[in-house]
Structure formats: C-alpha cells, structure tokens
Amino acid sequence: MERDTMEPGFDVPALPGMAEAEIQTPCLLIDHDAMMRNIDLMQARADEMGVGLRVHVKTHKSADIARRQIAAGACGICCQKVSEAEVFVRAGFGDVLVSNQVCDRAKIARLARLPLSGARVIVCVDDAANVKALSQAAVQAGSALEVLVEMDCGGGRCGVAPGAAVVTLARQIAEAPGLRFAGVQAYHGGAQHIYDRAAREAELGASHRKLRETLEELREAGLDCAIVGGAGTGSWDIEGASGLYTEMQCGSYVLMDADYARVQSIAGENGGGFEHALFVLSGVMSHVRPDHAVCDAGLKSMSADSGMPTVFGLPDVVYRRYSDEHGELDDPSGRLALNDRVRLVPGHVDPTCNLHDWFVVVRDGRVTDLWPVSARGRLW
Ligand SMILES: *Cc1c(COP(=O)(O)O)cnc(C)c1O
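Below is a summary of the structure that appears in this document. All residue numbers refer to position in the chain's written sequence, counted from 1. Local features in this predicted model are restricted to residues of pLDDT 70 or higher, and side-chain atom pairs are both shown and tallied only at a pLDDT of 80 or more, whereas totals for entire chains, interfaces and linings draw on every residue. With hydrogens and water set aside, each side-chain value is computed from the structure's full complement of heavy atoms.

Details of the overall build of the protein chain
Move 1: For the protein chain, the helix and strand inventory stands at ten helices and 17 strands.
Move 2: Its C-alpha radius of gyration of 22 Å places the protein chain within 12% of the 21 Å reference for a compact globule of 380 residues.
Move 3: Dimensions along the principal axes, computed over C-alpha positions, put the protein chain at roughly 70 × 50 × 35 Å.
Move 4: By residue count, 52% of the 380 residues in the protein chain fall in the buried class.
Move 5: Here the accessible surface of atoms and residues is derived via Shrake-Rupley with a 1.4 Å probe, and residues count as covered only by protein chains that are part of the display. Taken as a whole, the protein chain presents about 15,500 Å² of accessible surface, with 49% of it coming from carbon and sulfur.
Move 6: Asp and Glu count as negative and Lys and Arg as positive, but His and the ends of the chain are not part of the count. Throughout, a charge is located at the NZ atom of Lys, the CZ atom of Arg, the CG atom of Asp or the CD atom of Glu. A gap of 4 Å separates the mean positions of the 37 positive and 51 negative side-chain charges of the protein chain. Numbering of helices and strands runs from the N terminus, with a helix taken as a DSSP run of H or I at least four residues long and a strand as a DSSP run of E at least two residues long. The globule rule used here is 2.2 Å times the number of residues to the 0.38 power, and the radius of gyration it is set against is calculated over C-alpha atoms. For every residue, the accessible area (1.4 Å probe, protein chains only) is compared with the maximum for its type, and the residue is labelled buried under 20%, exposed over 50%, or partly exposed between those bounds.

Here's the deal with the site of the ligand
Move 1: Any residue with at least one heavy atom within 4 Å of a molecule or strand is counted as near it. Surveying the vicinity of the ligand reveals 15 residues, the closest of which are K58, T233, G251, S252 and Y260.
Move 2: By the criterion applied in these results, polar contacts are pairs of N or O atoms within 3.5 Å in which, for protein atoms, one can donate a hydrogen and the other can accept it, and in which residues neighboring in sequence qualify only through two side-chain atoms. At a separation of 2.5 Å, an oxygen atom of the ligand approaches a polar side-chain atom of Y260.
Move 3: For the ligand, whose unbound accessible area comes to 380 Å², protein coverage reaches 95%.
Move 4: Taken together, the residues that form the shell around the ligand break down as four nonpolar, ten polar and one charged. As a working rule, the residues Ala, Val, Leu, Ile, Met, Phe, Trp, Tyr, Cys and Pro are called nonpolar, Asp, Glu, Lys and Arg charged, and the rest polar, with Gly in that last group.

Quick look at the packing of helix 1 (residues 32-49) against helix 2 (residues 63-71)
The description of two packed helices rests on the angle between their axes and on the distance between the axes.
Move 1: Interhelical geometry of helix 1 versus helix 2 gives an angle of 40 degrees and a closest axis separation of 9 Å. With respect to helix 2, the axis of helix 1 lies oblique. In the packing of helix 1 onto helix 2, the handedness of the crossing is right-handed. Residues H32, M35, M36, I39 and Q43 of helix 1 pack against I65, R68 and Q69 of helix 2.
Move 2: In terms of residue class, the contact of helix 1 with helix 2 is made up of four nonpolar, three polar and one charged. Orientation is described by axes fitted as lines to C-alpha atoms, over the contacting stretch for helices, and by angles from 0 to 180 degrees between their N-to-C directions. What sets the label is the angle itself: under 35 degrees gives roughly parallel, over 145 gives roughly antiparallel, 65 to 115 gives roughly perpendicular, and the rest give oblique. Working rule for handedness: look at the near helix, and if it is turned counterclockwise from the far one by less than a right angle, call the crossing left-handed; if clockwise, right-handed. We call two residues in contact whenever any of their non-hydrogen atoms come within 4.5 Å of each other.

Examining helix 2
Move 1: For helix 2, the set of buried residues is A63, D64, I65, A66 and Q69.
Move 2: Those residues of helix 2 hidden inside the fold are in contact with strand 1 (27-31), helix 1, strand 2 (52-56), helix 3 (82-90), strand 16 (358-363) and strand 17 (366-372).
Move 3: One side-chain oxygen at the N-terminal end of helix 2 lies 3.2 Å from the backbone nitrogen of D64; it belongs to S62.
Move 4: With its phi angle positive at about 130 degrees, G73 sits one or two positions after the end of helix 2.

Here's the deal with the sheet that holds strand 7 (residues 179-185)
Move 1: Read around the closed barrel, the eight strands follow the order 2-3-4-5-6-7-8-9; overall the barrel is parallel.
Move 2: Two strands pair when backbone bridges link them, and strand 6 (residues 145-150) and strand 7 are joined in this way by six bridges, in the parallel orientation. Following the sheet pairing, E146 is matched in strand 7 by R180. Whether two strands pair comes down to DSSP finding at least two bridges between them.

Side note on the packing of helix 6 (residues 164-175) against helix 7 (residues 197-220)
Move 1: Direction vectors running N to C along helix 6 and helix 7 enclose 40 degrees, while the axes themselves pass 9 Å from each other. Looking at the two axes, helix 6 sits oblique to helix 7. The handedness of the crossing between helix 6 and helix 7 comes out as right-handed. Within the contact between the two elements, helix 6 uses A164, V166, V167 and A170 and helix 7 uses T214, E217 and L218.

Here we look at unusual backbone geometry
Move 1: Cis peptide bonds are those with omega within 30 degrees of zero, and the linkage from T25 to P26 qualifies with -5 degrees.
Move 2: Residue position: P26 is located in the segment before strand 1.
Move 3: Despite not being glycine, S265 has its phi angle at roughly 75 degrees, a positive value.
Move 4: In this fold, S265 is placed in the loop between helix 9 (258-262) and strand 10 (278-289).
Move 5: With relative accessibility at 22%, the residue S265 sits in the partly exposed group.
Move 6: The phi torsion at N339 lies on the positive side, around 75 degrees, for a residue other than glycine.
Move 7: Counting through the fold element by element, N339 comes out in the loop between strand 14 (327-330) and strand 15 (341-345).

This is the structure we're talking about:
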C-alpha cells in the first residue's frame, strides 16, 4: 500500500499506522493476533487428528488470509465458484477444490483451462451428463481435472444418495478421458449450525454411517478415494475424529461470527477455542435519547440472515434493529457517546466480507495493513 497515493476516507477506510479511533467507518476490521491464533489452533487440531486441512476461502475471499493459512500447514484451498478459483490460481495457489457443481458450458471451459497454469484443480459432481461435459472440456483444453462425487449427507441440497449412486458416478468419472476420480465430498452444512452438541453429534453420526458404507462399496468396486472431504467450523472435531475423512474444509473458524459463537464447543465463550477476529467497525452517529444510540452500520455493511450482530465487549448494549445505513442500539446504561466506535460481530461472516473492498488489519490498537477482499463479488 502506497501511503502517499491513498487518501483515507476517499480511496480506503484507513492507512497503516493509524490508531483505531481514526479509522473511517463502517468497515471490516481484523484483529490480526486473534486471527493468527485461530489459524494455528485449527491447524494444530487437524495435525493431531492426522487429517488434512483444505481451508475454504469463500469465507473471506482474501489471498492475504489464505496465504497465512497455507503457511501454517493447510494442504490447499476450497473455492465455491469458478471466478473465485480464477482469482486464487492467478494469485499463485496451486491446489484448488471447487467444492461445488459447475454445469454451465462457459464456466466448464474456464474451469478446464485452470490446470494449464500448473494448478491442481478438483471439482464436485452429482450428475452423469455433467461428467461427460467436464470430460469433453478437459480433453479440448488438453488439461486434467480431478473429480469428487458429492454425496448427500442428509441436507437434501446437492449430491447423490449414498451407496450405489455414488459408485455408479465414480465409475463414470474413472472411465472418462481427461478426468481423474479423486474421491468423495461428504459435507453436511446444515448440521454445523445445530447449537446443541449432542444433537449435532447424532445428526453427523447418521451421515457417517452412510459414508462408511459408501466408502466400503467404492473399495469393493476398486475405486480408490484419495480424498474424502467435508466438515466445517461447526463439525470439524466430530468429523475429524470419525476416521472417515482425509481432508476438512473449514472456513469460518479463521474469523468467526455471532452464529458460530452460539454453537456449543466452537467459540471461546461457548466451550471451544476460536475467537472473534472479524468485526464491522461502526461509529455512533446519533444519541438523542439516553438509552438509544444509532451507529452507521446497517444492511449494506453486514448480512442479517443469521440474526443481529453482537456488540463486542459491551454485553449490555444490544443491536436491536437495522436499516440500510443505520443500526439502532439499546444502550440502557448510557455507555456510548457520539463518535464512539463499536466493534460489531456480524451474524454470518461470509456474506458480510463480500460487501466490502478492504480488510483493515489491526494489531495492538494500530492499523498494520490493508488487505483487499480479493475475490469480492466474484459470484459467476
Ligand atoms: C461453506 C463450506 C465449507 C466451510 O464451512 P464453514 O462453516 O464456513 O467452516 C466447507 N465445505 C463446503 C462444501 C462449504 O460449502
């Protein structure tokens, strides 16, 4: 970042060296040291369990954060979209799983060209015609794609049913020119947000029984799974310990959000070790009534699909209501004054990051870096 050529408030919300009180709001704030502790903690747990960690970058869409995750020992990255994968391959990431189906002709052609730069590219399928289209595109591009069969773990979204359907599709992939059968993706997204630990274990246990049988059928058919992938921030410990997975695809743990803080045994305040490292920094812009403050972060600064943000470090201040550019706060003990900054913990980290151009990185109360949200808006 060239300090001379950037103006805070015009091009960027902050510059390196600034105190937190000078940062222009609302903006995304990263607590650098908390983020690094999250990175090291997840990597240490994955290493202890002997399971790979392929971090999901759809959370932050940031090459700067992903580089730190890889440096700590992650075996690769997951992207959700071809356009995201293009950004990360161009940034030098060499092992990329698009943990999704890619079905449009032009998207398939772009995907098939990605390995030409030397990257390993893996994609998920749940449809025989899609296997054929991927195969033709890889042959045409003169490249090779690795392919995982996505198994429906009980969420009922994408993926074929466990058992015979997985084996049939796996065989088609293994026989298709330009493709290599690489294994199975068994990701149960919904189970991660079951707050109660016992209920979450029960739901994942049911999924694991089906996965175990399916992996046995694949083995009997002579189809080798180099990758059995799945798991995320709400399920890593249970799935990692199941002995079934070779790679975990955790994303949100690196920054955390208010919803994952409610899931038992994940966040520090709820029996786990992960800390809030991402905040929407917001300024108080109106405080006409003594028990009611208004801050400058609303729907355009953070997503609200997983509920209201929490106010970090001020437990009696409650973010009550949002509109586009305002957030209304209950301030029963009159803690806030005009121009105070509050650190809001967004309900859901992924769609919040996608609303911003920059992460303002803070260490010991000072801005140390500005990182672009590298794949912001890359949804195609
Ligand atoms: C989102 C996602 C993840 C990561 O989930 P988190 O809850 O953010 O850790 C992993 N795998 C797949 C396929 C996903 O879509």
